[in-house]
Amino acid sequence: QALHELMNDSDKILVMGHQREDYDALGGAIGVVSIARTLGKEVRLVLSKETNAIDKMVHVLVEDEFWKTHIITPAEAKLWADANTLAIVCDTHRTPMVAAPEALEVSERRIVIDHHRRAADFIENPLLTYLEPAASSTSELVTELVQYAGVPVKLSKAEATGIYAGIVLDTKNFNQQTGARTFEAAAFLRRAGADIERVKELFIETFDSIQLRAKMVFEASRTEGIAISVAPEGLKDMMALAAQSADMLISNEDIEAAFVLYSLNDGGIGVSARSKGKVNVQVVMEALGGGGHRTVAGAQLQGMTVEEAKQAILERALEALHSAEKEEE
């Protein structure tokens, strides 16, 4: 109801996820744009410069003329937004992480919809915060908002598919952090026309990517129960490959936490972190400026070499492991 009222009181609505969007950030944003569109509002979705991980779904969306003309760049968003624009941020609540920080700064009216645990650098003065760490994904939260928007929101097949893909990504195909609400949201999206075959295509892997992932697992180092690997330079879809490699590492019996490092285009280092639960990788990543959940987290490190990053991660991960073992005793 609060979201509905704030949208109704706005002439222009700008929707964004985090930088280097994944399918959950995109799925959440698609749902919010669909609500705004149903309310007859002037709305734009801004995507960051690096959208490799979601390009397949974006290509499906822009087959529709509406999405073709309503997806804009951060530079365009900065010019389009004004102080009264309602900026809605999905799948992050951290100011440095948003897709269009300059556009967010222009707006004085902000809403945050996220499923990550609250971090220190929270977006300032939001009019509404919907933060639900127990939810599987932002796409799940937004699906519920679509159902209770106060107006009947009709999702196209592509839109329902995009939101469904967000849930599939963050739950590892309904294997992690799922509850009754997750399956209810998925059922609603299926009824709305979500194309399961298309979702499978979004996540399909190439032979090269399987080989690269196997290489990262093979070259991982292990200290006690902590595994760390570094991805080769110059690969496409590096964020997704790193996440998949971390998932493979954590599926090993002797590994409690896994970290895969990869290069970012801006010269920084991305980290994909996974845990079985004993090691709280969210805390480990928060210590390095990142965040996430207890078993799935990540960070983007600046001003470090790969060796320095590995050492910093290992030290904090071992601290978390030893602390957890003491608690068990």
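Our subject is the structure listed above.
Residues numbered from 1 in each chain as written. Predicted model: local features only at pLDDT ≥ 70, side-chain atom pairs only at ≥ 80, totals over all residues. Heavy atoms only, no water.

This paragraph deals with the overall build of the protein. Per the secondary structure count, the protein includes 14 helices and 12 strands. In terms of overall size, the protein behaves like a compact globule, its C-alpha atoms giving a radius of gyration of 19 Å where 329 residues would be expected to give roughly 20 Å. Residues classed as buried in the protein amount to 52% of the 329 residues present. Considering only contacts within the protein whose residues lie at least 6 apart along the sequence, 68% involve residues at least 24 apart. Accessible area of the protein: about 15,000 Å², with a carbon and sulfur share of 50%. In the protein, which carries 33 positive and 50 negative side-chain charges, the distance between the mean positions of the two groups comes to 3 Å. (Helix = DSSP H or I, 4+ residues; strand = E, 2+ residues; numbered from the N terminus. Rg over C-alpha atoms; globule rule 2.2 N^0.38 Å. Buried < 20%, exposed > 50% of the residue type's maximum accessible area, 1.4 Å probe, protein only. Contact = heavy atoms within 4.5 Å. Areas by Shrake-Rupley, 256 points an atom, 1.4 Å probe, with all protein chains shown as cover. Lys, Arg positive; Asp, Glu negative; His and termini not counted. Charge placed at Lys NZ, Arg CZ, Asp CG, Glu CD.)

On to the pairing of strand 4 (residues 86-90), then. For a regular strand, side-chain orientation follows a simple rule: the groups alternate between the two sheet faces. Among the five residues of strand 4, five are classified as buried, and the element is accordingly described as predominantly covered. Alternating positions in strand 4 separate into two faces, L86, I88 and C90 on one and A87 and V89 on the other, with burial throughout. Of the strand pairs in this sheet, strand 1 (residues 12-16) and strand 4 are connected by four bridges, and their pairing is parallel. Paired with M16 across the bridge in strand 4 is V89. Bridge count between strand 4 and strand 5 (residues 109-114): five bridges; the pairing is parallel. Bridge assignment links I88 to a residue of strand 5, and that residue is I111. In terms of handedness, the path from strand 4 via helix 6 (residues 101-106) over to strand 5 forms a crossover that is right-handed. (Pairing = 2+ DSSP bridges. Right-handed = clockwise from strand over helix to strand, strands pointing away.)

Before going further, it helps to spend a moment on the nonpolar core. Formed by 52 residues in total, the largest nonpolar core has its most connected members in M7, V15, L26, I35, L45 and I88. A total of eight residues in this core trace back to one element, the largest contributor, which is helix 2 (residues 23-38). Membership of the second largest hydrophobic core comes to 24 residues, among which are A297, A317, L318 and L321. (Core = buried A, V, L, I, M, F, W, Y, C linked by side-chain atoms within 4.5 Å.)

Inspection of the entire model under this criterion finds four aromatic pairs. Note on F174 and F183: the rings are 5.6 Å apart at their centroids and 25° apart in plane angle, and the pair reads as stacked. The exposure class of F174 is buried, given its relative accessible area of 17%. Taken together through their ring pairs, the aromatic side chains of Y164, F174 and F183 make up a single cluster. (Phe/Tyr/Trp six-rings, centres within 6.5 Å; stacked < 30°, edge-to-face > 60°.)

With that settled, consider the pattern of salt bridges. Any two side chains of opposite charge can pair if their charged atoms end up close together. Counting across every chain of the model gives 16 salt bridges. Note that E197 is salt-bridged to K200, the shortest N-O span being 3.4 Å. One end of the pair is E197 and the other is K200, both in helix 10 (residues 196-203) and three residues apart, which spans about a single turn. Classification of E197 as partly exposed rests on a relative accessible area of 47%. For the salt bridge of E307 with K310, the shortest nitrogen-to-oxygen distance reads 3.8 Å. In this pair, E307 and K310 are both assigned in helix 14 (residues 306-328), three residues apart and thus about one turn of the helix distant. With a relative accessible area of 55%, E307 lands in the exposed category. Note on K310: relative accessible area 22%, which makes it partly exposed. Overlapping salt bridges, with partners in common, bring together E132, E144 and R181 in one network. (Salt bridge = Lys/Arg side-chain N within 4 Å of Asp/Glu carboxyl O.)

Attention shifts here to the environment of V281. Positionally, V281 belongs in helix 13 (residues 281-286). Residues V281 and H293, 12 residues apart in the sequence, show an inter-C-alpha distance of 7.2 Å. Not counting residues within four places of it along the chain, the set of residues in contact with V281 comprises A257, F259, A273, R274, S275, H293, R294, T295, V296 and A297.

To continue, consider the sheet that holds strand 10 (residues 269-275). Pairing is mixed across the open sheet formed by six strands, whose spatial order is 7-8-9-10-12-11. Each edge of the open sheet carries a strand with a single partner, namely strand 7 (221-223) and strand 11 (291-292). Strand direction decides the pairing type here: strand 11 and strand 12 (residues 296-301), joined by two bridges, are antiparallel. Considered in strand 12, the bridge of G292 is made with A297. Along the sheet face, helix 14 touches strand 7, strand 8 (226-230), strand 9 (257-263), strand 10 and strand 12 and points at about 165° away from the line of strand 8. (Axes fitted to C-alpha atoms, helices over the stretch in contact; angles between N-to-C directions.)

Let us now look at the environment of K278. Relative to the assigned elements, K278 resides in the loop between strand 10 and helix 13. Assessed through its relative accessible area of 24%, K278 is described here as partly exposed. When the C-alpha positions of K278 and A324 are compared, they lie 6.2 Å apart, and in sequence the two are 46 residues distant. The contacts of K278, once residues within four sequence positions are left out, are E256, R294, L321, A324, E325 and E328.

This next bit is on unusual backbone geometry. Non-glycine residue R20 carries a positive phi angle of around 50°. For R20, the position within the fold is in the loop between strand 1 and helix 2. In this structure, E224 takes a positive phi of about 55° despite not being glycine. Within the secondary structure layout, E224 lies in the loop between strand 7 and strand 8.

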